[in-house]
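Listed below, chain by chain, are the residues.
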Amino acid sequence: MITKHEQILQYIEGLPIGEKISVRQIAKALSVSEGTAYRAIKDAEAKGFVSAIERVGTIRIEQKKKENIEKLTFAEVVNIIDGQVLGGRAGLHKTLNRFVIGAMKLEAMMRYTGPDNLLIVGNRTKAHELALQAGAGVLITGGFQADDHVTKLADELELPVITTAYDTFTVATMINRAIYDQLIKKEIVLVGDIFTPFDQTVSLTVGDTVNQWIEKNRTTLHSRFPVLDRQLKVQGIVTSKDIMGTDKDTLIEKVMTKQPITVTMKTSVAAAAHMMIWEGIELLPVVDDQNRIQGIVSRQDVLKTLQMAQRQPQMGETLDDTITNQIDVSGNKEEETYTFEVTPQMTNQLGAISYGVFTTIVTEAARRSLRARKKGDIVVENITIYFSKPVQMESLLEIHPNVLEVGRKFGKVDVEVYNGGLLVGKALMMCQILDRQ
């Protein structure tokens, strides 16, 4: 049975792109309380169906596909730069393809401005007017307002004119940072990108018997199945170990593993891999917010994806990427060491290397050292760090990893860090190894 929350989400998803919605309107249209409507609208915002803009309201926007995640809508720009919409509210849902900074003569500015662009400019009325006529939105910096005829034109053309108190440089930096963050999100592979949909999987119900498991095992050659109730909610997992030695007429509900670990579409593949390693499981059901099955993801799917991710070129760089890319190899193969220069951005408020940066350095050194001996990635299970001397900015560190023990599924590494020949820190870590077959 569909819940009121799900009914509201379906209703919102069915609204035309660009339509304005409100808590009161939803509550009245679907005969639900305003509290229920509010929670559903917030959920829709999290899912990317709508965008809430201060002093404007909530509007239905197009849900972006992952390959187009770096493209922003006018509504998202308003939220990023704390802007105020002066005109053209009906076009807030539109997607931008290009940003143009108006720091040039008017003729040159218009040469670069076209449809689906956003012109970022100060109080230059003629530029505002020409940009709108060219099919572009306008972002006015410095807190300036638009002339009345410009806002009227924006309303007619359904192209937003936005104002912000920030200067042009700050606005460009804020938008660039937002796009960069989106690119990093795009690179992170989620379970929703690799899972097998429910209609392509095989499952059992709580009313089935062991005999049904045997039949499905014979036809599919699989031994693990999610167990569902009538509402398609996951109630358990059943494997060959669970049914071993039981009577064929035994109900699956009696032998299954209840309350199994599940993941959602938005769970990262790395997190799913972590669960599988720690719990020693081969299959994870993929569920929605109501624990209703969406599909499954297998250990094989996860391993294959992690291998592919290692070969992909990176478009957006995280802080960890920045740090690990600056670690250089030195020494010979028998005694491999690493060097790292501490830049000002990697220090704390006292000018010494930050704890997080130091942890990333020693973890990366351990990872590389273990990979030289065994193919696979590591997940740190336990790490103990000792600081003996403060490390100042612009210090050149030498990192010496020493593999104490390595097995099929785990490794123990001791890492020593030197500065100018003096020991400044040490780390001892236990790592789980995600083996690559």
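Everything numeric in this text was worked out from a predicted model, so none of it was measured. (Residues numbered from 1 in each chain as written. Predicted model: local features only at pLDDT ≥ 70, side-chain atom pairs only at ≥ 80, totals over all residues. Heavy atoms only, no water.)

With that settled, the discussion passes to the overall build of the protein chain. Helix and strand counts for the protein chain come out as 16 helices and 21 strands. Scaling as 2.2 N^0.38, a compact globule of 437 residues should have a C-alpha radius of gyration of about 22 Å, whereas the protein chain reaches 28 Å, well beyond that. With respect to the three principal axes, the spread of C-alpha positions in the protein chain is 80 × 70 × 35 Å. Counting the 437 residues in the protein chain, one finds 42% classified as buried. Summarising the internal contacts of the protein chain: among those between residues at least 6 apart in sequence, 54% fall at separations of at least 24. Of the roughly 23,500 Å² of accessible surface on the protein chain, a fraction of 50% belongs to carbon and sulfur atoms. Taking the average place of the 51 positive charges on the side chains of the protein chain and the average place of its 54 negative ones, the gap between the two points comes to 3 Å. (Helix = DSSP H or I, 4+ residues; strand = E, 2+ residues; numbered from the N terminus. Rg over C-alpha atoms; globule rule 2.2 N^0.38 Å. Buried < 20%, exposed > 50% of the residue type's maximum accessible area, 1.4 Å probe, protein only. Contact = heavy atoms within 4.5 Å. Areas by Shrake-Rupley, 256 points an atom, 1.4 Å probe, with all protein chains shown as cover. Lys, Arg positive; Asp, Glu negative; His and termini not counted. Charge placed at Lys NZ, Arg CZ, Asp CG, Glu CD.)

What the 3 strands build is an open sheet, ordered S1-S3-S2; its pairing is antiparallel. Each having just a single partner strand, strand S1 (20-21) and strand S2 (50-53) make up the two edges of the open sheet. One ladder, built from 2 bridges, connects S1 with strand S3 (residues 57-60); its direction is antiparallel. Looking across to S3, one finds that Lys-20 is bridged to Ile-59. (Pairing = 2+ DSSP bridges.)

Right, let's get into the UniProt feature "domain: CBS" (unreviewed entry) in the protein chain. Residues annotated in UniProt with the feature "domain: CBS" (unreviewed entry) correspond here to residues 195-254 and 256-314. Spanning residues 195-254, this segment combines 30% helix with 22% strand, and its end C-alpha atoms are found 28 Å apart. (UniProt positions renumbered as here; feature names shortened; annotations may be inferred.)

Secondary-structure assignment places Arg-60 in strand S3. Summary of buried charges: Arg-60 has no salt-bridge partner, and the nearest side chain of opposite charge, Glu-13, is 5.5 Å away. From its side chain, Arg-60 meets the backbone oxygen of Glu-13 in a polar contact 2.9 Å long. (Salt bridge = Lys/Arg side-chain N within 4 Å of Asp/Glu carboxyl O. Polar contact = N/O pair within 3.5 Å; in protein donor to acceptor, adjacent residues only side chain to side chain.)

The next subject is the pairing of strand S14 (residues 283-287). Buried residues dominate S14, accounting for 5 of its 5 residues. Of the two faces of S14, the one holding Leu-283, Pro-285 and Val-287 and the one holding Leu-284 and Val-286 are both buried throughout. Bridge count for S14 against strand S15 (residues 293-298) is 5 bridges, and the pairing is antiparallel. What sits directly across from Val-287, in S15, is Ile-293. Once S14 ends, the chain turns through 5 residues before running back antiparallel as S15, passing Asn-291 with a positive phi of about 65°.

With respect to the helices, strands and loops of the structure, Ile-120 is situated in strand S6 (residues 117-121). The class of Ile-120 is buried, set by a relative accessible area of 2%. If near-sequence neighbours (up to four positions away) are discounted, Ile-120 is found in contact with Phe-99, Val-100, Ile-101, Gly-102, Leu-139, Thr-141, Thr-168, Val-171 and Ile-175.

Turning our attention to the nonpolar core. Within the largest apolar cluster, 27 residues are counted, with the highest numbers of intra-cluster contacts made by Phe-340, Ile-353, Ile-361, Val-362, Leu-397 and Ile-399. Only strand S17 (337-341), helix H16 (355-373), strand S18 (376-387), strand S19 (396-406), strand S20 (410-419) and strand S21 (422-435) provide two or more residues apiece to this core. No other element matches H16, which puts 7 residues into this core. Not counting the four nearest positions on each side in its chain, Phe-340 is found in contact with Ile-323, Gln-326, Ile-327, Met-346, Val-357, Ile-361, Ser-395, Leu-396, Leu-397 and Ile-399. Counting residues in each nonpolar core, the second largest holds 20 residues, with Ile-53, Ile-61, Val-78 and Ile-120 among its members. (Core = buried A, V, L, I, M, F, W, Y, C linked by side-chain atoms within 4.5 Å.)

Along helix H13 (residues 269-279), the positions that sit buried rather than exposed are Val-269, Ala-272, Ala-273, Met-276 and Ile-277. Considered in projection along H13, the buried side chains sweep an arc of 135° and stay on one side of the axis. Positive backbone phi, at 65°, marks Gly-280, one or two positions downstream of H13. (Arc of directions from axis to C-beta.)

Within the secondary structure layout, Pro-226 lies in strand S11 (residues 225-228). With a relative accessible area of 2%, Pro-226 lands in the buried category. Residues Pro-226 and Thr-239, spaced 13 residues apart in sequence, show a C-alpha to C-alpha distance of 9.0 Å. Discounting chain neighbours no more than four positions away, the residues touching Pro-226 are Val-202, Ser-203, Leu-204, Gly-236, Ile-237, Leu-283, Ile-293 and Ile-296.

Within the structure shown, the criterion is met by 5 salt bridges. Between Glu-45 and Lys-42 there is a salt bridge; the shortest N-O distance is 3.4 Å. Taken together, the residues span about one helical turn, with Glu-45 and Lys-42 both in helix H3 (residues 34-47) at a distance of 3 residues. Overall, the relative accessible area of 29% leaves Glu-45 in the partly exposed class. Its relative accessible area of 40% is what places Lys-42 among the partly exposed residues. Residue Lys-426 pairs with Glu-416 through a salt bridge whose shortest N-O separation is 3.6 Å. Here the residue Lys-426 occupies a position in strand S21, and Glu-416 occupies one in strand S20, the gap between them amounting to 10 residues. Of the residues examined, Glu-416 reaches a relative accessible area of 22% and is grouped as partly exposed. Ionic contacts of the salt-bridge type, sharing partners, join the residues Glu-364, Arg-367 and Arg-368 into one network.

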